[in-house]
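Spelled out, the chains give:
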Amino acid sequence: MPIVTVQVTREGSTPARNSVTAEEKAAIIKGVSEVLLNVLNKPLESTYVVIEEVDLDNWGWGGLPTEQYRRIRAAAKS
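I will try to describe carefully the structure that is included in this document. The shown structure was predicted, so the numbers you read here are calculated from the model rather than taken from an experiment.

Reading the values: rules and limits
- Residues numbered from 1 in each chain as written.
- Predicted model: local features only at pLDDT ≥ 70, side-chain atom pairs only at ≥ 80, totals over all residues.
- Heavy atoms only, no water.
- Salt bridge = Lys/Arg side-chain N within 4 Å of Asp/Glu carboxyl O.
- Buried < 20%, exposed > 50% of the residue type's maximum accessible area, 1.4 Å probe, protein only.
- Pairing = 2+ DSSP bridges.
- Helix = DSSP H or I, 4+ residues; strand = E, 2+ residues; numbered from the N terminus.
- Core = buried A, V, L, I, M, F, W, Y, C linked by side-chain atoms within 4.5 Å.
- Contact = heavy atoms within 4.5 Å.

A few points about the pattern of salt bridges
Counted by the stated rule, this structure contains five salt bridges. A salt bridge links Glu24 to Arg17; the nearest nitrogen and oxygen atoms lie 2.8 Å apart. For Arg17, a relative accessible area of 33% corresponds to the partly exposed category.

Structure (structure tokens):
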């Protein structure tokens, strides 16, 4: 029985939202389950998918808090 944990930042996919929607979570669960079915022949009913939303201030990237890292990257692209 596979258990897959997907961690995402707690921010929406559009500026007006601050979390992943139920529809987006359902799509993640379906997609991950189908990958395990297609690649490892694991039945859909035996696969568990856990989605963890992590507050953005608890997420780091490139040795920096994510928001700071994004600002630096955005400035470098300008």
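Here's the deal with the pairing of strand S1 (residues 3-9)
Note on strand geometry: in a regular strand, side chains alternate between the two faces of the sheet. Bridge count between S1 and strand S2 (residues 48-54): seven bridges; the pairing is parallel. Across the sheet, the residue bridging to Val8 is Glu53, located in S2.

Section: the nonpolar core
Counting five residues, the largest nonpolar core consists of Val6, Val8, Val20, Val32 and Val49. Dropping the residues within four chain positions of it, Val6 is found in contact with Ile28, Val32, Val49, Val50, Ile51 and Glu52.

Geometry only, nothing functional implied.
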